[in-house]
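# Survey of secondary and tertiary structure
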Amino acid sequence: MSEIVMPKFGLTMTEGLITVWHRKVGEAVKAGELLFEVETEKVTNEVPASADGVLEEILFAEGSVVPVGQPIARLSGGGGATGVSPAPSVPAGADAPSARKLMAEHGLDRESVTGTGRGGRVMKEDVLRVVATPLARRIARQDGVDLSGVTGSGPNGRIKAADVAAAKGTGTGTGTMPVLPASGLVQPDAVRAATARRVQAAKRDIPHFYVTRRVDIRALSRLRADLNAAASGHARLSVTHLLVKATGLALAAHPHLNRVWLPDGILELGSIGVGIVTETPHGLRIPVADRADQLPLDELADHCAGLFARARAGSLTTQDVSGGAISISNVGMFGADSLTPIISPPQAMILGVGAEQTLFRPDAEGRPEAVQEIILTLAADHRLIDGAEAARFIATLSSLLEAPLALLRAPSRPSTDTED
């Protein structure tokens, strides 16, 4: 008998929603056949069986949200866990210090905690899933209560629902639920709830700071019009396509910013990907245009078209949403002047883009001149990026947009980073 566990898709996934079981209890399944589907706030993943066998027991039904690494079913005749390969064991000393402290306080054996960090490393969140009851965790998520600050009254200090309610009453929570009539209260679907938790955690855990700059896009608009007039079978270029290309080139000019913060350390990315916040019937998705600095504009536009189509159809793959240190959220088409965005973990930056505005600026002789501008707002993770670095990055990006012929050239990577 082997256990089927909730697999881990992506660096930051901690739980998944079981949307479909493709086999019923008692049915046989062969290795490679589709067994179940898991949905995160990013993408839906199809999970095949890793071995032949019979599905003996389903521990979590469709619609259940389950932590990564937790058993969800049992398969007889199988050779191992389905969904992910068993994580290699790591020494206890490699676990996060906060996790070790919590395990010691609650008298937990390390074997009783499933680690979701790299290589099976136990993180603080993994221990909290063990030391708090499921109801306590659900109430804490709904009411914005940080479980690390709650004292448990259960056996071995386990946190119960009453403990969370008491913590909320003393102000431990990060927010309070508004009082609504019972008829107006609805429960969010699993994807919306997962997105809410992710955004709340991002705003709470990532030390955001912001850099804003106005950019003259008259030359960019002329270049776009000229390229589209001569498209001849190529996809039409949008402002977003040009922004993605410029952002990729700006990141190539500042390669030390192409990294992300993970619980285990700082990860240097091997290629430059730019995420694009996309509105879909299933909520916001962030497909990533990989090699944004390298692809010619026409190829980049075609690549983005495929990403957008899959995002709206709900068929993004894990590869479509992986990588990238930065994303773009363009609200210009809605007429918003600017946007102060929230970083999507584990990325290090996100660029908010506002609508084109016609303003009068003094020309070289001091006379009023009509110009077209957009407002860029860069949100950056202060754990990775300092203010001066962010200012230099957005200056490079602005220069590329204001002198856009550089978008047509191959990227030139500096041999050394001379910034101080």
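Relevant structure appears above.
About the thresholds
- Residues numbered from 1 in each chain as written.
- Predicted model: local features only at pLDDT ≥ 70, side-chain atom pairs only at ≥ 80, totals over all residues.
- Heavy atoms only, no water.
- Helix = DSSP H or I, 4+ residues; strand = E, 2+ residues; numbered from the N terminus.
- Contact = heavy atoms within 4.5 Å.
- Areas by Shrake-Rupley, 256 points an atom, 1.4 Å probe, with all protein chains shown as cover.
- Buried < 20%, exposed > 50% of the residue type's maximum accessible area, 1.4 Å probe, protein only.
- Expected span 1.5 Å × (residues − 1).
- Arc of directions from axis to C-beta.
- Core = buried A, V, L, I, M, F, W, Y, C linked by side-chain atoms within 4.5 Å.
- Salt bridge = Lys/Arg side-chain N within 4 Å of Asp/Glu carboxyl O.
- Pairing = 2+ DSSP bridges.
- Lys, Arg positive; Asp, Glu negative; His and termini not counted.
- Polar contact = N/O pair within 3.5 Å; in protein donor to acceptor, adjacent residues only side chain to side chain.
- Axes fitted to C-alpha atoms, helices over the stretch in contact; angles between N-to-C directions.
- Parallel < 35°, antiparallel > 145°, perpendicular 65-115°, else oblique.
- Left-handed = near helix turned anticlockwise from the far one by under 90°.

Let us now look at the overall build of the protein. Scanning the protein for helices and strands turns up 9 helices and 19 strands. Taking all contacts inside the protein whose residues are at least 6 apart in sequence as the whole, residues at least 24 apart take part in 63%. Summed over all atoms, the accessible surface of the protein reaches about 20400 Å², with 54% contributed by carbon and sulfur.

Next up on the list: the environment of phenylalanine 9. Secondary-structure assignment places phenylalanine 9 in the loop between β1 (2-5) and β2 (15-21). A relative accessible area of 23% places phenylalanine 9 in the partly exposed class. Separated by 309 residues in sequence, phenylalanine 9 and threonine 318 have C-alpha atoms that sit 7.1 Å apart. Those residues in contact with phenylalanine 9, other than ones at most four positions away along the chain, are Val38, Asn45, Val47 and Thr318.

Before going further, it helps to spend a moment on helix α6 (residues 218-229). Since the α-helix turns once every 3.6 residues, residues separated by three or four places project in the same direction. Between its terminal C-alpha atoms α6 stretches 17 Å, which fits the 16 Å expected from 12 residues at 1.5 Å a residue. Among all positions in α6, only Ala219, Leu220, Leu223 and Asn228 are buried. Seen end-on, α6 carries its buried residues on one side only, within an arc spanning 160 degrees. Turned more than 90 degrees away from the buried face of α6 sit Arg222, Asp226 and Ala229, all of them exposed.

With that settled, consider the nonpolar core. If you look at the biggest cluster of nonpolar residues, it comprises 46 residues, and the most contacted ones within it are Met349, Leu376 and Ile385. When residues of this core are traced back to their parent elements, those giving at least two are β9 (208-216), α7 (239-253), β12 (273-276), α8 (297-313), β16 (326-330), β17 (349-353), β19 (368-381) and α9 (387-402). A total of 8 residues in this core trace back to one element, the largest contributor, which is α7. In contact with methionine 349, other than residues within four places in its own chain, are Leu251, Leu257, Ala325, Ile326, Ser327, Ile343, Leu378, Ala379, Ala380, Ile385 and Phe393. Listed in part, the 21 residues of the second largest apolar core include Val113, Val122, Ala136 and Val145.

With that settled, consider the pattern of salt bridges. Evaluated as defined, the whole model comprises 14 salt bridges. Several salt bridges converge on common partners, so that one network encompasses Glu3, Glu57 and Arg74.

A word on the sheet that holds β1. With respect to topology, 4 strands assemble into an open sheet ordered β1-β8-β6-β3, the strand pairing being antiparallel. The sheet terminates laterally at β1 and β3 (28-29), the two strands that pair on one side only. Both β3 and strand β6 (residues 53-58) contribute to a ladder of 2 bridges, which runs antiparallel. Each residue of the ladder has a partner; that of valine 29, found in β6, is glycine 53.

Leaving glycine aside, a negative phi is the common case for residues, and trans is the common case for peptide bonds. Here the bond from proline 345 into proline 346 is cis, since omega is 5 degrees, no more than 30 degrees from zero. Structurally, proline 346 can be placed in the loop between β16 and β17. Phi at arginine 291 is positive, roughly 55 degrees, even though this residue is not glycine. Tracing the chain through its elements places arginine 291 in the loop between β15 (288-290) and α8.

Take the environment of isoleucine 342 next. Within the element layout of this structure, isoleucine 342 appears in the loop between β16 and β17. For isoleucine 342, a relative accessible area of 34% corresponds to the partly exposed category. Note: C-alpha distance between isoleucine 342 and alanine 202 (140 residues apart in sequence) is 7.3 Å. Not counting chain neighbours up to four residues away, the residues in contact with isoleucine 342 comprise Val199, Ala202, Lys203, His208 and Ile350.

Residue placement: glutamate 37 occurs in strand β4 (residues 34-39). Buried and unpaired, glutamate 37 has no salt bridge, with arginine 23 as the nearest side chain of opposite charge at 11 Å. Reaching out from glutamate 37, the side chain makes a polar contact with the side chain of histidine 22 at a distance of 2.9 Å. When near neighbours in sequence (up to four residues on either side) are disregarded, glutamate 37 contacts Leu17, Ile18, Thr19, Val20, His22, Thr44, Asn45 and Glu46.

This part covers the packing of α7 against α8. The interhelical angle for the contact between α7 and α8, taken along N-to-C directions, is 115 degrees, at an axis separation of 10 Å. Looking at the two axes, α7 sits roughly perpendicular to α8. Relative to α8, the crossing made by α7 is right-handed. Residues His241, Leu242, Val244 and Lys245 of α7 form the contact with α8, whose participating residues are Leu297, Leu300, Ala301 and Cys304.

With respect to the helices and strands, isoleucine 72 occurs in strand β8 (residues 71-76). Note: C-alpha distance between isoleucine 72 and alanine 61 (11 residues apart in sequence) is 8.5 Å.

Coordinates in, geometry out; function isn't part of it.
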